[in-house]
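# Architecture at a glance
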Amino acid sequence: MSVIDPIEQGLESGWSVTDGASLTENRTVEADVVVIGTGAGGGTSAEILARAGLSVILVEEGGLYHQKDFKMDELASYASLYQDGMSRVTRDGAIAILQGRCVGGSTTVNWTSSFRTPEATLNYWANQLGMEDLSPDAMAPWFDGREKRHNISPWTMDPNTNNDILRQGCEKLGYSWQTIPRNVKGCWDLGYCGFGCPTNAKQGALTTTIPGALENNATLFYRLRADRLVMAQDRIDHLLASAMTEDGVTPSGVTVTLKARHFVVAASAIGSPGLLLRSDIPDPYNRVGKRSFLHPVNATTAVMADKVEPFYGAPQSIYSDEFNFKEGVDGPAGFKLEVPPLHPAMAAGVVPHHGQQQADAMANLPWTQSMLALVRDGFHADSPGGTVSLRDDGSPVLDYPVSDYLWTGLRKAFHTMAELQFAAGARKVSFVHMDSAWYSSWPEARAALDELPMAPHRVRLFTAHQMGGCGMGQKPEDSVVNSFGQHHQVANLSVHDASIFPTSIGANPQLSVYALAARNSSRLASKLSN
Amino acid sequence: MKHHASIPDATSDFTRLDRRSFLKTGIGGTLFLSTVSTSMALSGCASSPSERLTAVGTRMDARYRFQFLTDTDIEIFEALLPAMLAPVLPEQPQARRQVVASTIERIDSGISHFGPPNQSELRRLLDLLGFGFTRVTIARVWSSWPNVSTAEADAFLRRWQSSRIGLFNNGYMALVKITNVAFYGHQDQWPLSGYPGPPRWAMEALPQFNNA
C-alpha cells in the first residue's frame, strides 16, 4: 500500500513555509491578504484567495504535524495537536473543550463527520434572523462544491460495532437513523481519526486546502501567534504576531509584523473573538464574544454482551436525528445522537471516577459502547449561549452557564441514550455523571436518572463544536459581521469560521464552515481582484 | 466577599462563605486560591520544578527532567496515586515504585503542554494541597503527604468528588483526569483496559513506523 503525504511532497518542492520557532529576528512581511488560522475556515479561504491570484499569508499558532507524526498514539496526539494539551475547559471547569491546535485546526483531529447545515437551521437564520441569502437553496451549490473538494459522501463500509449498536437501538425502538457522510478518500477504517490520520485518507484542511493554497504561492507561518490587529484610522493596518519556541506554548520574543490590504480572521469561536477583543476592534454594541455556542454533549456508557472494541473502525458512521428538530426548531432543546470512539486515555479521562470503580470500568473497555448527544443551543430565548472574554494574560476564556432549558434537554438525552442501549442488548448502563452507578435494567436506570442532579460538575459535559462569538446578522446592533462574514465596522476585516454562526448548527459544523468560508471567500476574492 | 493577605482570615472567609453565592461566583474560588499562592510566595514557599525523581526512589534511569511539578507536587501524587489507581498498581514494591514514578513523569510531561493559563490554575490547586495549613484546613488531610495512607488519600478524593462545592469537584476532576489519562493511556497499562494497541498490519504498512 503506498501512501502519499502531500505535506512532505510540498515541503520538498519548495513551498513557502516558516516555523516560527526558527525565527531569530523580528521581521515584517506583506501580502494582499493575511489569513489567521488554518482550520476549516482559514484553509478554505486561503486556497480560494490564492487561486484567485492574490498573495496570501497564513498564520497558525500551533505546529505543522503531518503523516510522519501521526502514529496512532493517544498521549502524543493529545499533547501536541489539541488546544492546551487537551486540557481546555470552560471558565468554571464544567465543560471539557476538544479543539485542534495545529495546521489544519480541528479538521486534522476530528472524527470526519460532515453534515450540511440542517435545513431547519438555515430556514431559522433566513426567516427569524433575516438572512435569506443563506436559505437551503442558495447554499446548496456551496455544499455541493465543498463535498467534492473534501470527498464527502455517506460511508459505504459497514459501521463498527460501536456505531452499529446505535443503529440497532433505533431499529428496536422505531427511531430514524442514517449513515454519516465522511470526508475521506481511501480510508483504511482504522479508527484513529482523533490522533491525526495516519494514512492521509482524511480530506481535512491539512491534505486539501492548505496544500492547495501553498501550491498557489501562499505563505504559511506556523508556531506564530496572532496577538493584535492594529488599526490605522478606520482600517486594519497590520497584525502583530509572536513567534513561539519549539515547545509551542512559550513566545520566543521574536515578533512578526504582517501587513495586508485585507485580514481574514479564522481562529475559531474562542480564538477569533479573543483576537478581536485583544485588538480593541470597534464594537459599538458590545457584541464580540457574546452568544457563544457549544452543542453541550453528554454521554452514556454501556457494557454489552459481545465485544464492541470501540477503539477500532471509523469512529462515527451512524447517527440519529430523531430528536433533533422533532419539537420545532425553537421548541424544547433537541439533540443529535452519535457515538464517540473510546481509546484507553480518552475513556479514562471521560469516566469520572477513581480506584476500583475506575479500574472496573476500564477493564470492560472492549465490551463498552458509548453514545453521545449534541444538544442544539442558541435557538431559544432560554439558551443565550456563553461569553468569550480575556484573561489577564490576554488569552481567551469561555464562560458558559448551562441554562435550565439545556439541562432539560440533557436529561431527556440521557433518558433516550440509556433506553437505546438497553434496547440494543446492553447488560448494564451508566450515565457519565459523578453520581451515577451501573444500572442493569432500563427501569432501574430510568428511576435512577429521575434522582440524578442535572448540575455543573455532576454531569460530565464535553464539546468539540465551538460556534458563535462573532455572530452574523443584518443589524450591527445585534451582530459582529454581515452574512458574508464582512465586519460591520471595519471594511478590511472578515471573519470566516464557526464564530460567525448566529446559533449552533445542530450538526457537526465542519461542512458548514467549509461552505460558508468558500462562499464568502469567493466574494471577497472578486472584490479584492477588481 | 473580602480577601485578606493573611491565610487565616482568607480561610475563615472561605468557611463562612454562603455556599450558593460561592457557587455562583466561580471567581471566588480563583481569588481565594490566588490569595493562597501569593501568601506562599511571600512566606518564601515559592515553588520551582523538581530536578528529577531520585534514582534511589524510583530505581529508574532518572534522565527525565521535570518541567512543572515541584518536589512537593511529586509527594502529593505519590500519595494519591495508590488510591486513584487501586487496585491495578503492581503490589511488588519496586514494580509499584516504577509505575508510580513513570506515571508522575507522564503527568508532568502532559501538563507542560497545557499552556500558561491552565498551568497556573493547576499551580494554585497543587500549592493549596502542598501548603501545610491549607492541606489541613481545606483538603482536611492531616498528615504531611509522604505520611498519608492510601485510605486517607481515598477519603480525601471522595470528599472532593462528592462535595457540593463546585471548586472541589473541579479539583477532584483535574487530579483524577490527568492521572487516569497518563496512566491508562500508556502502552504499559494498555492490558488493563484490554486495548491491543493500533492494528499491527497497519503499522507494518505505514512508513512512519518503519524509520525507527
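Residues numbered from 1 in each chain as written. Chains lettered and ligands numbered in written order. Predicted model: local features only at pLDDT ≥ 70, side-chain atom pairs only at ≥ 80, totals over all residues. Heavy atoms only, no water.

Taken from the UniProt record, the annotation "domain: Glucose-methanol-choline oxidoreductase C-terminal" (unreviewed entry) applies to residues 386–517 of chain A. Counted over residues 386–517 of chain A, helix gives 29% and strand 15%. Its end C-alpha atoms are 23 Å apart. (UniProt positions renumbered as here; feature names shortened; annotations may be inferred. Helix = DSSP H or I, 4+ residues; strand = E, 2+ residues; numbered from the N terminus.)

Listed under "domain: Glucose-methanol-choline oxidoreductase N-terminal" (unreviewed entry) in the UniProt record, and renumbered for this structure, are residues 78–297 of chain A. In residues 78–297 of chain A, helix accounts for 27% and strand for 24%; the two terminal C-alpha atoms are 19 Å from one another.

Relative to the helices and strands, Asn180 of chain B resides in helix H10 (residues 166–184). Setting aside chain neighbours within four positions, we find Asn180 of chain B in contact with Ala348, His353 and Gln358 of chain A together with Leu85 and Gly185 of chain B. (Contact = heavy atoms within 4.5 Å.)

In this section: the interface of chain A and chain B. The interface is formed by 48 residues belonging to chain A together with 49 residues belonging to chain B. The three residues of chain A that bury the most area against chain B are Met72, Leu75 and His354 of chain A, which together make up 16% of that side's buried surface. On the surface where chain A and chain B come into contact, there are zero salt bridges. For the side of chain A that touches chain B, the secondary-structure elements that each account for two or more residues are helix H3 (74–81), helix H9 (344–350) and helix H10 (355–363) of chain A. Among the elements that make up the side of chain A that touches chain B, the one with the highest residue count is H10 of chain A (six residues). Here the residues of the side of chain A that touches chain B sort into 24 nonpolar, 14 polar and ten charged. (Buried area = accessible area lost by both parts, 1.4 Å probe. Salt bridge = Lys/Arg side-chain N within 4 Å of Asp/Glu carboxyl O. Nonpolar A, V, L, I, M, F, W, Y, C, P; charged D, E, K, R; others polar.)

Here we take up helix H4 (residues 119–129) of chain A. Residues and elements named next belong to chain A. Where H4 is concerned, the buried positions are Thr121, Leu122, Tyr124, Trp125 and Ala126. Its buried side turned inward, H4 meets helix H5 (136–149) and helix H13 (510–529). A positive phi of about 80 degrees marks Gly130, the residue just after H4. (Buried < 20%, exposed > 50% of the residue type's maximum accessible area, 1.4 Å probe, protein only.)

Let us look at the packing of helix H6 (residues 161–173) of chain A against helix H11 (residues 404–423) of chain A. The relative placement of two packed helices is expressed as an angle between their axes plus a distance between the axes. All names here are of chain A. Contact geometry for H6 and H11: axes closest at 8 Å, N-to-C directions at 90 degrees. Comparing the axis directions of H6 and H11 gives the class roughly perpendicular. Taken together, the residues of H11 that come into contact with H6 (itself represented by Leu166, Gly169, Cys170, Lys172 and Leu173) are Glu419, Leu420 and Ala423. Looking at the contact of H6 with H11 residue by residue, the classes come out as five nonpolar, one polar and two charged. (Axes fitted to C-alpha atoms, helices over the stretch in contact; angles between N-to-C directions. Parallel < 35°, antiparallel > 145°, perpendicular 65-115°, else oblique.)

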